[in-house]
Amino acid sequence: MQRLSASDPDFAKRFDRLVKDRRESGDDVSQDVRNILAQVRDAGDRALEDYTQRFDGHSLTADLASWRITPRQCEAAWDTLDPSLRDALTLAADRIRAYHEAQLPQDRDYRDDAGVRLGAKWRPVDAAGLYVPGGRASYPSSLLMNAIPARVAGVERIVVATPTPKGLSNELVMAAAHLCGIDEIWRIGGAQAVGALAYGTSRIRPVDVITGPGNAWVAEAKRQLYGTVGIDMVAGPSEILVIADKDSDPRWLAADLLSQAEHDPAAQSILITDDTLLAGLVQDEIGMELNQLATERVARQSWDNHGTIIVVERLADAILLANRLAAEHVELSVADPEPFLDGIRHAGSIFIGRHTPEAVGDYVAGPNHVLPTGRRARFSSGLSVTDFMKRTSFLESGPEALAAIGPAAARLAHAEGLPAHARSIELRLK
């Protein structure tokens, strides 16, 4: 890990390098994905069979059971799940649903002073594809976070693609699918699954929007297919920024930083504090926490390569640094978090106070945990109901309304050199 101090002469240069560290896929991944998508587009199911055998060790045969996880299998997974896990999933689903129901946008329909009727209608997309990882990162929470907003939006067809390495399905993911009422689940993963959802194959009908987390190949496939389908975002490795004052518990902070480090060797965990003693204590605690983690190998690689502790002269200086980092997750472990909440303009999600660890937001708090990474919080937001909807505007004008606004429109059309535009208005004005 690296240690920075705002008082160092080279701080600005080193911090700028930290801001620009994207930790994302390179040209080799981009070309690999381009080839995979071309194969899926041209060869369809045959390409899926080849890639699934090669990457997942699973054979897609003429038997539909090799291709799909059935609703009955999901129900069985739910029925055999430990009751405490069923309760936890249900609590999470209820809270996620309640939060996202409040996001539903309202239609507009009104007449303005000129007598023109104006408005917009919100409608769901016809079909949404949800990618659910099945390798190192196989999370039922991600299925809930993607499926429930789609359900709330009113999407009629929700399709899940999830790899089943060696044919093995994740019981928790299947149980979450049952809880969400998902009845179309395909045993495919990687960039080839994203391509199948976008283009469609003989077996799989295409969708309109694709959401959900994945590895570098999945993220790159979504980037390349944007325009063919809608996507939630291009997400890179996870990030957390913790801003902490001297009264914070160093053990808590260490655990918070490692909660993201254990996701991926390329994940990034950053601590900003104004207390040099706390910085040292957190660094020591991370060493001890790592020795106890089952995910030590991944978390240690992430922390060693991308972990950062920054000491500032005044804690308020962290606000400017946070806005430049535009991190996916920002924790405020400070006595008075409100000024920080008001000042931080760029963040995927903010966790306020010492008793709000980012991890609670990953599961049961309610807001979506699918969030922008790689400084994209400067211009984008976390997954929401509106990602599964589109807005259609409408207008209506009678003779009097057109007489009020039409002449100005015709003049503008002539000024732009578009006489047919102007004539379509002027004929009605006569």
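Residues numbered from 1 in each chain as written. Predicted model: local features only at pLDDT ≥ 70, side-chain atom pairs only at ≥ 80, totals over all residues. Heavy atoms only, no water.

What follows concerns the sheet that holds strand 10 (residues 239-244). With parallel pairing, the six strands of this open sheet are ordered in space as 1-12-11-10-13-14. Where the open sheet ends on each side, the last strands, each with one partner, are strand 1 (2-5) and strand 14 (349-352). Within the sheet, the average angular offset between the axes of one strand and its neighbour, ignoring direction, is 15 degrees. In the sheet, strand 10 pairs with strand 13 (residues 329-333) via five bridges, with the strands oriented parallel. Of the residues in strand 13, the one forming a bridge with Ile 243 is Leu 332. Sitting on the sheet, helix 13 (residues 318-325) touches strand 10, strand 11 (268-273) and strand 12 (308-311), and the angle it makes with strand 10 is about 175 degrees. (Pairing = 2+ DSSP bridges. Helix = DSSP H or I, 4+ residues; strand = E, 2+ residues; numbered from the N terminus. Axes fitted to C-alpha atoms, helices over the stretch in contact; angles between N-to-C directions. Contact = heavy atoms within 4.5 Å.)

Locating Asp 56 in the fold gives a position in helix 3 (residues 45-56). Excluding its chain neighbours within four sequence positions, the residues that come into contact with Asp 56 are Tyr 51, Pro 163, Thr 164, Pro 165, Lys 166 and Gly 189.

Glancing now at the packing of helix 11 (residues 276-292) against helix 12 (residues 296-306). The interhelical angle for the contact between helix 11 and helix 12, taken along N-to-C directions, is 155 degrees, at an axis separation of 8 Å. Here helix 11 lies roughly antiparallel to helix 12, going by the angle between them. In the crossing of helix 11 with helix 12, the sense of the turn from one axis to the other is left-handed. In contact with Ile 286, Leu 290 and Asn 291 of helix 11, helix 12 contributes Glu 296, Ala 299, Arg 300 and Trp 303. (Parallel < 35°, antiparallel > 145°, perpendicular 65-115°, else oblique. Left-handed = near helix turned anticlockwise from the far one by under 90°.)

Moving on to the pattern of salt bridges. All told, the structure shown has 16 salt bridges when counted by the stated rule. Among the salt bridges present, the one from Arg 41 reaches Asp 42, with a minimum N-O distance of 3.2 Å. Taking the shortest distance from any N to any O, the salt bridge between Arg 111 and Glu 396 comes out at 3.8 Å. Here Arg 111, found in strand 3 (residues 108-111), pairs with Glu 396, found in strand 15 (residues 389-396); they are 285 residues apart in sequence, far enough to count as distant. (Salt bridge = Lys/Arg side-chain N within 4 Å of Asp/Glu carboxyl O.)

Further remarks concern the pairing of strand 5 (residues 127-131). For strand 5, the buried fraction is high: five of the five residues fall into the buried class. Along strand 5, one buried face is formed by Ala 127, Gly 129 and Tyr 131 and the opposite face, lined by Ala 128 and Leu 130, is buried too. Relative to strand 6 (residues 157-161), strand 5 is paired through five bridges, and the arrangement is parallel. What sits directly across from Gly 129, in strand 6, is Val 159. Relative to strand 8 (residues 209-211), strand 5 is paired through three bridges, and the arrangement is parallel. Across the sheet, residue Ala 128 finds its bridge partner in strand 8, namely Val 209. (Buried < 20%, exposed > 50% of the residue type's maximum accessible area, 1.4 Å probe, protein only.)

Time to look at unusual backbone geometry. Phi is positive for Lys 166, close to 55 degrees, though the residue is something other than glycine. Note on placement: Lys 166 falls in the loop between strand 6 and helix 7 (171-180). Since its relative accessible area comes to 65%, Lys 166 is described here as exposed. Located in the positive-phi region is Arg 375, a residue other than glycine, with phi close to 70 degrees. Looking at the element boundaries, Arg 375 is found in the loop between helix 15 (358-363) and strand 15. You can call Arg 375 partly exposed: its relative accessible area is 24%.

Before going further, it helps to spend a moment on the packing of aromatic side chains. Under the definition given, this model contains three aromatic pairs. With centroids separated by 6.3 Å and ring planes inclined at 85 degrees, the aromatic side chains of Trp 67 and Trp 186 adopt a geometry described as edge-to-face. Of the two residues, Trp 67 is situated in the loop between helix 3 and strand 2 (68-69) and Trp 186 in strand 7 (residues 185-186); the sequence distance between them amounts to 119 residues. The burial state of Trp 67 is the same as that of Trp 186; both residues are buried. Just above the ring of Trp 186 sits the side chain of Arg 68; from NZ or CZ to the centre is 4.9 Å. (Phe/Tyr/Trp six-rings, centres within 6.5 Å; stacked < 30°, edge-to-face > 60°. Lys NZ or Arg CZ within 6 Å of the ring centre and 35° of its normal.)

Those residues of helix 7 that fall on the buried side of the exposure criterion are Val 173, Met 174, Ala 175, Ala 176, Ala 177 and Cys 180. The N-cap of helix 7, judged by a side-chain oxygen 3.0 Å from the amide nitrogen of Leu 172 a few residues on, is Asn 170. Immediately downstream of helix 7, the backbone of Gly 181 shows phi near 70 degrees, a positive value. (Polar contact = N/O pair within 3.5 Å; in protein donor to acceptor, adjacent residues only side chain to side chain.)

Another point: the nonpolar core. One recurring pattern in soluble globular proteins: nonpolar side chains tend to sit buried together. One finds Leu 143, Leu 144, Val 155, Ile 182 and Phe 388 to be the most contacted residues of the largest nonpolar core, which totals 39 residues. Listed by contribution, the elements that provide at least two residues to this core are helix 4 (71-79), helix 5 (83-101), strand 5, helix 6 (140-153), strand 6 and helix 7. Ranked by residue count, the leading element in this core is helix 6, at eight residues. Counting 33 residues, the second largest nonpolar core, distinct from the first, contains Ala 47, Trp 67, Ala 196 and Val 207. (Core = buried A, V, L, I, M, F, W, Y, C linked by side-chain atoms within 4.5 Å.)

Take it as geometry only, folks, not as evidence of what the structure does.
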